[in-house]
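The lines below spell out each chain.
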Amino acid sequence: MYQQMRSRVYHNWHLALFLSVIHLAALTHSAPAAANSIPAPFLQTLPIPAWIPPQLQPWLPWVLAADGQDRRHCPLDLRSGERRCAWAGRLELDLDSNGGHFAQTWTVLATTWIALPGDAALWPQTVRDGDQPLPVLPHAGHPAVRLDAGEHRLTGQFQWATATLPDALPVPAATGLFTLRRNGQLQPQPRLEPDGRLWLRDPTAAPADAAGDWLRVTVLRRIEDELPLQMRTRLELTVGGRAREIQLGPVPIGDGVPFDLNSPLPARLEPDGMLRVQVRPGQWTLEVATAHPDLNVPLTLTPRPAPWPAVEIWAFAARPDLRQVTVSGAPALDPQQTQLPAEWSALPVYRLAAGDTLRLDEQRRGDPTPDPDRLQLNRELWLDFTGSGYSVQDRISGQLTRTWRLEADARLQLGQVQIAGQAVPINQLGDGAAAGVEVRRGQVNVSADGRLELPINQLPASGWALRFDSAQTTLHLPPGWDVLAISGVDNVPNTWLTRWTLLDLFLLLIVVIGAARLWGASWGAVALLALVLTWQAPDAPQQVWLHLLAATALRRAVLTAAFGGRWVQQVVTGYWRGSVLALLLIGLSFVITQVRTGIYPQLAHPAALARAGDGFGNAEVQFAPQVSGLTEDAVDALPAAPIAREMLSSAARRKSASPASAPPQPLEVIDPQAQIQTGVGVPTWHWQQVTLAWSGPVGATEAAQLWLLTPPLQLGVALLGSLLMGLLGWRLSGWQLPQPTVAGMKTALVLVAALTGGLHSEPTLAEELPSPKLLQELRERLLAPPDCVPHCVELARLAVRADATVLTLELTLDAATAVAAPVPGGSGAWSPQQIEVDGATLELMQRDAAGQLVVPLAAGQHQVILRGAIPAAAQLDVPLPLAPHLVTVDVDGWRVAGLEAETTVTQLQFIRLATADAAPVATLTQEALPPLLRVERRLRFGVEWQVETRVLRLSAPEFAVLLPITLLPVKRCKRREWRWLTGKCSRRCRRA
């Protein structure tokens, strides 16, 4: 009976489990995918890399993040390099004059803080995650909640302090899609400011003369004496009352043409120069840039209607390198008594009222008396091992305003000169002239290698036929060399004489005088010479001499005067024996080291010996002309020996194969037969260094006088000093050679063994924890970005469809890894309201720090469709964060600009075609301003003469410009982004 019941229960349990599995599988198969569900690839746990040792695998949570979470599966933001682990769904707002509520779905891949709509004044109330209440805390200046990984439906309410709907509501910067209902009515195109404020009321609907509305305007202008003359007008608005639209101006002065508008508020410049601004309470700064074609036109301030101020403050920024002018017609002011920005306070300032005229009278073009050259010299010198000369490496930096050629002094033999990292030929202007290189005025960065073949005790401060503001030389001495003294410099270098301090002299005199008083003047002289030769040596005995001298004097006094009793004599004798033993131990090691380093000077610095490696170059050097910057084909044309040609060819192949090397200079500006000197290089060893510095103007004739200690002299000093020190120690200790005994020999052997082995043994400690350096390296390798960065996603195809009211963009995106792919919208006047990814509706979207929309994509190819309403404007600019490789257009009622052949498309410009029933423009957006471009031409005279034309855009980059550039008769377009059109190169200037 019991067995039957047990079998029945077991059978029923299996049947129930089977039916439950079937039921869950059916539900899973039939339930549609939610729009805000987490994509499956982002839910997968990344495996532990096989290259991580088992001992370090438990430390993965420690090194991945401060909270121990692995964020490597989160989509990668290509702009910031961070992982985005929280994705916002559509923010739904339903607000009225009493308050309202909000709802938003968040997909969280790792625990993080989530910002909520509102701020400190408009704090969200009754925030819940589903039915679970959540605490709201300030985080990064916004109300926020902390959520774990998963799907979250956040809801909350707002209550206004006054029964009035606020003008704007701060929303999370990461929100990409939102829906706004105001008083129960859906707002089709709510306006979101770049700072994250969502307008709740239309500022144009507020009455202009509402009670309590006030406005204060301050006008500051900055005149920049450029080509053309430019004026930047700074409008500082202090607004009180309600949000509304105001009209100011006209802003330009005279015939000024506006080309740029920078405003944190919605604003537009009208063709007549009037500025329309939709303001709200607060302090705001707007800037309008205008250009004046005539450089000498009088600038007259005409009367303007209120609220424009009656008095303006103008600042003038001169360009003496272009021209010199005198300013007249307005009284000057002290900049400290004005409200000018800090960057304008150093300029001359003028006060202008209505009707005043500021005149710029040109005196001359150019700068006939430029400022003197401002150059600094940093030099490194390596003294040859044989002392025959110096290897030189000079680095000249600064500003050149008068000089166009750098010439070396006759004592400096140039081997190689590089300007901004590019080797240049060294030439002479005539027979017997100094060698030098050609430069251009401006900022210079010159590196020169060479040789100084001269008496090594005479060191020039510069070696160049130039005047430097300062010069600094680092002298590298080979092993066995030292500097006794240096004169003719402005600093205190590290020499044998400067190493002596007052304390050293005081202690030395005490020992010398004590030795002379105890054993006579002759032993005082021996002590003086021994200590002078050994005192500055490394590990030389110093204070032990004082102890031995004091112990010897006390012992003589105690033994001769027989005072103090037997115990005093024993203490003094023990002190004396200890001093003698200390001198023996220290002095023996010191003498051995001195003799060894005197014979083998390289052993004095083991660390430098390890770094130097093969840096001990041959002291006998000769210059040989070599070739740099040529390709392998050009090397074959050189009239060199087969072995030399093979060496040069292999070097050229290595240089071309190296991905980090700079591209070689084009052969059309380098003569293939030209031999550019590369010199013999400079040493890389670093032993003893001595720094020499000159301040103030440093001329070509200034030099330093050196007194050097050579290796043979250093060896003689070491031997003589060791001998005199041993002799002095023997005399001070009164040492008598005892008869050797067995016990004494055993004691000596133990002492030698302790000194040679035991004292140098180090205990081996087991390292139980990984070092911080190892953990940091593990973290860097784990969190290293993919090798595809920054090209981890590409826009293969873009299909554009548009009618009168809706714009649809179909994107084919190829992603190499999980990325936050940037898509059009968010940074301009158009934003999508519907998004589909691979046929499924997606509402997971964010805005990055620049306001650009991004969507999460897994690795692979994806079809993304963006659909949104078009504002009622005559022109619409849609920047493209990714340049498409193929663009197809199907539009009705629009003309699309920016699709010229052989150009990279980075922006689409939609121009509405005029129709009879076209609706008037209701929104306040800035239309295209007149472009301001500067064309610069640079002539390059090489083997082949070239003209380089550079176009600089000075106007606002938001609007595309099709620009024809007139070319010289011999010029041809060589770059793909230029189009050849009937003798002109046409280029479309894109958004920066």
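Rules and cut-offs
- Residues numbered from 1 in each chain as written.
- Predicted model: local features only at pLDDT ≥ 70, side-chain atom pairs only at ≥ 80, totals over all residues.
- Heavy atoms only, no water.
- Phe/Tyr/Trp six-rings, centres within 6.5 Å; stacked < 30°, edge-to-face > 60°.
- Lys NZ or Arg CZ within 6 Å of the ring centre and 35° of its normal.
- Disulfide = S-S within 2.5 Å.
- Helix = DSSP H or I, 4+ residues; strand = E, 2+ residues; numbered from the N terminus.
- Buried < 20%, exposed > 50% of the residue type's maximum accessible area, 1.4 Å probe, protein only.
- Pairing = 2+ DSSP bridges.
- Axes fitted to C-alpha atoms, helices over the stretch in contact; angles between N-to-C directions.
- Expected span 1.5 Å × (residues − 1).
- Salt bridge = Lys/Arg side-chain N within 4 Å of Asp/Glu carboxyl O.
- Patch = residues over 30% accessible without salt bridge, like charges linked within 9 Å, V, L, I, M, F, W, Y side chains within 5 Å.
- Areas by Shrake-Rupley, 256 points an atom, 1.4 Å probe, with all protein chains shown as cover.
- Arc of directions from axis to C-beta.
- Polar contact = N/O pair within 3.5 Å; in protein donor to acceptor, adjacent residues only side chain to side chain.

Undergrad: An account of the packing of aromatic side chains is needed here, citing residue identities and associated values.
TA: Evaluation of the coordinates by the stated rule reveals 5 aromatic pairs. Each ring, one from Trp496 and one from Trp500, has its centre 5.7 Å from the other, and the planes form 75°; the classification is edge-to-face. Among the aromatic residues, ring-to-ring pairing joins Phe102, Phe158 and Trp160 into one connected group. Positioned above the aromatic ring of Trp308 is the side chain of Arg304, whose terminal nitrogen or guanidinium carbon lies 5.8 Å from the ring centre. If you follow Arg555 out to its NZ or CZ, it ends over the ring of Trp576, 4.3 Å from the centre.

Undergrad: Got a sec to walk through the state of the cysteines? Specific residues and values, please.
TA: A complete count under the given rule lists 2 disulfides for this structure. Note on cysteine connectivity: Cys74 is disulfide-linked to Cys85, with sulfurs 2.0 Å apart. Between Cys74 and Cys85, the S-S torsion sits near 110°, and that sign places the bridge as right-handed. Placement of the pair is Cys74 in the loop between α3 (60–64) and β1 (76–77) and Cys85 in the loop between β1 and β2 (86–88), with a sequence separation of 11 residues. Considered together, Cys74 and Cys85 belong to a single accessibility category, that of buried residues. The side chain of Cys788 participates in a disulfide bridge whose partner is Cys792; the two sulfur atoms lie 2.0 Å from each other.

Undergrad: Can you explain the sheet that holds strand β51 (residues 894–897)? Please cite residues and give values.
TA: Strand order in the open sheet made by the 3 strands is β49-β52-β51, with antiparallel pairing throughout. Where the open sheet ends on each side, the last strands, each with one partner, are β49 (875–879) and β51. Each strand axis lies, on average, 20° off the axis of its neighbour in the sheet, ignoring direction. In this structure, β49 lies alongside strand β52 (residues 907–912), joined through 5 bridges in antiparallel fashion. Pairing of Gln875 across the sheet is with Ile911, part of β52.

Undergrad: Just give me the short version of unusual backbone geometry, but keep the residues and values in it.
TA: Of note, the amide linkage connecting Ala306 to Pro307 takes the cis form, showing an omega dihedral of 10°. Position of Pro307 among the secondary structure elements: in the loop between β22 (299–300) and β23 (311–317). The omega angle of the peptide bond from Val789 to Pro790 is 5°, so this bond is cis rather than trans. Looking at where Pro790 falls in the secondary structure, it is placed in the loop between α13 (772–782) and β41 (793–802). Phi is positive for Thr126, close to 50°, though the residue is something other than glycine. Position of Thr126 among the secondary structure elements: in strand β6 (residues 125–129). Taking the relative accessible area as the measure of exposure, Thr126 reaches 45% and is therefore partly exposed. Not every positive phi belongs to a glycine, and Asp539 is a case in point at roughly 60°.

Undergrad: I'd like a rundown of helix α11 (residues 711–733), residues and numbers included.
TA: The periodicity of an α-helix, 3.6 residues per turn, causes residues three or four positions apart to be oriented the same way. Taking 1.5 Å per residue, 23 residues should reach 33 Å; α11 reaches 32 Å between its end C-alpha atoms and fits that length. Regarding α11, the residues found buried are Ala718, Gly721, Ser722, Leu724, Met725, Leu728, Gly729, Leu732 and Ser733.

Undergrad: Outline the pattern of salt bridges, listing residues and values.
TA: In total, this model carries 26 salt bridges according to the counting rule given. We note a salt bridge from Asp394 to Arg379, for which the minimum N-O separation is 2.6 Å. Taken as a pair, Asp394 in strand β29 (residues 390–400) and Arg379 in strand β28 (residues 374–383) lie far apart in primary sequence, 15 residues in all. The class of Arg379 is buried, set by a relative accessible area of 1%. Measuring nitrogen to oxygen at the nearest pair gives 2.6 Å for the salt bridge that ties Arg451 to Asp384.

Undergrad: Hey, could you go over a nonpolar patch on the surface for me, with residue numbers and the actual values?
TA: Together, Leu581, Leu584, Leu585, Ile586, Leu588 and Ile592 line one region of the surface with nonpolar side chains, adding up to about 530 Å² of accessible area. Relative to the assigned elements, Leu581 resides in helix α7 (residues 566–599).

Undergrad: I'd like a rundown of the sheet that holds strand β5 (residues 112–115), residues and numbers included.
TA: If you walk across this open sheet you meet the 3 strands as β5-β9-β8, and the pairing is antiparallel. A single partner strand is all that each edge strand has here, and the edge strands are β5 and β8 (137–139). Pairwise comparison of adjacent strand axes, ignoring direction, gives a mean angle of 60° for this sheet. With 3 bridges connecting them, β8 and strand β9 (residues 142–147) associate as antiparallel partners. For His139, the partnering residue across the bridge sits in β9 and is His142.

Undergrad: Before we move on, can you summarise helix α5 (residues 521–534) with the specific residues and values?
TA: When the terminal C-alpha atoms of α5 are compared, their 20 Å separation across 14 residues agrees well with the 20 Å that a helix rising 1.5 Å per residue should span. By the burial criterion, the buried members of α5 are Trp523, Gly524, Val526, Ala527, Ala530, Leu531 and Thr534. Along the axis of α5, the buried positions cluster into a sector of 160°, meaning they face one direction only. Opposite the buried face of α5, by more than 90 degrees, sit the exposed residues Ala521 and Ser522.

Undergrad: Tell me what's going on with the pairing of strand β42 (residues 806–815), and back it up with residues and numbers.
TA: Taking burial as the measure, the 10 residues of β42 include 7 buried ones, the bulk of the element. By the bridge criterion, 9 bridges tie β41 to β42 in an arrangement that is antiparallel. Bridging from a neighbouring strand, Arg797 pairs with Thr812 of β42. In textbook terms, the turn of a hairpin is the stretch between consecutive antiparallel strands, and for β41 and β42 this stretch comprises 3 residues. Here β42 pairs with strand β48 (residues 860–869) via 10 bridges, running antiparallel. Note on β48: the bridge partner recorded for Thr812 is Gln863.

Undergrad: So what's going on with the side chain of Thr107? Residues and values would help.
TA: Tracing the sequence through the fold places Thr107 in strand β4 (residues 99–108). Residue class for Thr107 comes out buried when judged on its relative accessible area of 1%. One polar contact links Thr107 to Glu151, side chain to side chain, over a distance of 3.4 Å.

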